[in-house]
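Listed here are the chains, written in short residue letters.
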Amino acid sequence: MYPAKPGPIGVFDSGYGGLTILREIRRRLPDYDYLYLGDNARAPYGTRSFDIVYEFTRQAVEELFSRGCHLVILACNTASAKALRTIQQHVLPITDPDRRVLGVIRPTVEILGKVSLTRHIGLLATPGTVMSHSYAMEIEKIYPGMCITEKACPMWVPLVETGEADGPGADYFVKKYVDECMTADPDIDTLILGCTHYPLLLDKIRQYTPQNVRILPQGELVAESLADYLRRHPAMERECTKEGSVEFLTTESPDKFDSLATLFMQSPVASSRITL
Ligand code: DGL
């Protein structure tokens, strides 16, 4: 049903956030081809219900498969939290058992044992990711007894999606959520940026976070985990083409996408619009 020949690696996010992951993946694995899809017209996902996030994510994954991807990275915590498992368990076996979809939560959690001394972790994420407790469950599996404070930051994605990440409104909301998280548990020594949009607010997050607290963006962790995955799965690796290209798709206006995406990627972006 989907094109059988090798194709690019698909990278999906509700909007611009996944670009922070794509940037690191390309830095780590520059030879592969990538197809990025941002569902900007329907972002943010973080305040949407489980069913809707699942449905939107499934549509996006199927779109990327139909455009030749054999491997898709959900560069979105909300989609990873709410849709990944169902897609892996119920969609892939029916549509094409040889294609793969990977998320961003597991690679982020795996590193915690190496970086946290107090074993008190703060999670800054969308309301959807926080309500799913996916991080808490994953941490409990790998590092039982580690203490996690989950803090929803509903205003951060809209600030990024509207291009207001550098504005004074951002200062107010960044300080507010970081303070609330640190007050809830002053022993936190590691803050997970559990939403791929948040690195776009990194300077401000740093500014309002106590200096002894490590901030953990996900890009490098996901890139390293993908490199490891491709090493361990040579059959899938052979399905990924290597011309070093990158193509961008958005469900919103390409002009709007290109101007912000160019800024985030630090290189020119020319996207095409699609409908899901
Ligand atoms: N960037 C996404 C995440 O990592 C989703 C943001 C949103 O659409 O709310 O959670």
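Residues numbered from 1 in each chain as written. Predicted model: local features only at pLDDT ≥ 70, side-chain atom pairs only at ≥ 80, totals over all residues. Heavy atoms only, no water.

**Regarding the packing of helix 1 (residues 18-28) against helix 14 (residues 254-265)**
The packing of two helices is summarised by the inter-axis angle and the distance between the axes. So the rule is basically this: Helix axes are fitted only over the stretch in contact, all axes being lines through C-alpha atoms; the angle between N-to-C directions runs from 0 to 180 degrees. Starting at the N terminus, helices and strands are each numbered in turn, a helix being any DSSP run of H or I of at least four residues and a strand any DSSP run of E of at least two. Any angle between 65 and 115 degrees counts as roughly perpendicular, while under 35 counts as roughly parallel, over 145 as roughly antiparallel, and the rest as oblique. Crossings are classed by handedness, with left-handed meaning an anticlockwise turn of the near helix from the far one by less than a right angle and right-handed meaning a clockwise turn. In this description, contact between two residues means that some pair of their heavy atoms is separated by no more than 4.5 Å. Gly counts as polar in this scheme, as do all residues outside two lists: the nonpolar Ala, Val, Leu, Ile, Met, Phe, Trp, Tyr, Cys and Pro, and the charged Asp, Glu, Lys and Arg.
Where helix 1 contacts helix 14, the two axes come as close as 10 Å, and the packing angle between them is 45°. The orientation of helix 1 relative to helix 14 falls into the category oblique. The hand of the helix 1/helix 14 crossing is right-handed. Residue-level contacts link L19, L22 and R23 of helix 1 to F257, A261, F264 and M265 of helix 14. Classifying every residue of the contact of helix 1 with helix 14 by side-chain character gives 6 nonpolar, no polar and 1 charged.

**Thoughts on the site of the ligand**
Applied cut-off: Summary of the distance rule: residues count as near a molecule or strand when at least one heavy atom falls within 4 Å of that molecule or strand. Here a polar contact is recorded for every N or O atom pair within 3.5 Å, except that within protein the pair must consist of a potential hydrogen donor and a potential acceptor, and residues adjacent in sequence are included only if both atoms are side-chain atoms. For the area figures, the Shrake-Rupley method with a 1.4 Å probe applies, and any residue is considered shielded solely by the protein chains shown.
Around the ligand, 13 residues are found, and the nearest of them are S14, Y45, G46, T78 and H197. Contact between the ligand and S14: an oxygen atom at 2.6 Å from a side-chain N or O atom of the residue. H197 places a polar side-chain atom, nitrogen or oxygen, 2.7 Å from a nitrogen atom of the ligand. Calculation on the ligand without its partners gives an accessible area of 300 Å², and the protein chains cover 99% of this total.

**Regarding the side chain of N77**
Tracing the chain through its elements places N77 in helix 3 (residues 77-82). There is a polar contact of 2.8 Å between the side chain of N77 and the side chain of Q218. Not counting chain neighbours up to four residues away, the residues in contact with N77 comprise V104, I105, T129, Y135, G194, C195, T196 and Q218.

**Section: the sheet that holds strand 5 (residues 120-125)**
Stated precisely, the cut-off is as follows: In this description, strands pair whenever DSSP reports at least two bridges between them.
An order of 6-5-7-8 is seen for the 4 strands of this open sheet, with the pairing classed as parallel. Here the strands that pair on one side only, and so sit at the sheet edges, are strand 6 (147-152) and strand 8 (214-216). Looking at each pair of strands side by side, their axes are set apart by 20° on average, direction ignored. In the sheet, strand 5 pairs with strand 7 (residues 190-193) via 4 bridges, with the strands oriented parallel. Bridge pairing links I121 to T190 in strand 7. In the packing of helix 8 (residues 134-142) onto the sheet, contacts are made with strand 5, strand 6 and strand 7, and the angle to strand 6 comes to roughly 165°.

**Digging into the pairing of strand 1 (residues 9-13)**
To be explicit about the condition: Note on exposure labels: buried denotes an accessible area under 20% of the residue type's maximum, exposed denotes more than 50%, and partly exposed covers the range between, all computed with a 1.4 Å probe on protein chains only. A clockwise path from the first strand over the helix to the second, with the strands pointing away from the viewer, defines a right-handed crossover.
Of all 5 residues making up strand 1, 5 are buried, and the element is well covered by its neighbours. Where burial is concerned, the two faces of strand 1 agree: the one with I9, V11 and D13 and the one with G10 and F12 are both buried. Pairing analysis gives 5 bridges linking strand 1 to strand 2 (residues 34-38), with the strands arranged parallel. Across the sheet, F12 pairs through a bridge with L37, a residue of strand 2. Between strand 1 and its parallel partner strand 2, the chain crosses via helix 1, and the hand of that crossover is right-handed. Where strand 1 meets strand 3 (residues 71-74), 3 bridges bridge the pair, whose relative direction is parallel. By the bridge assignment, F12 is partnered in strand 3 with L74.

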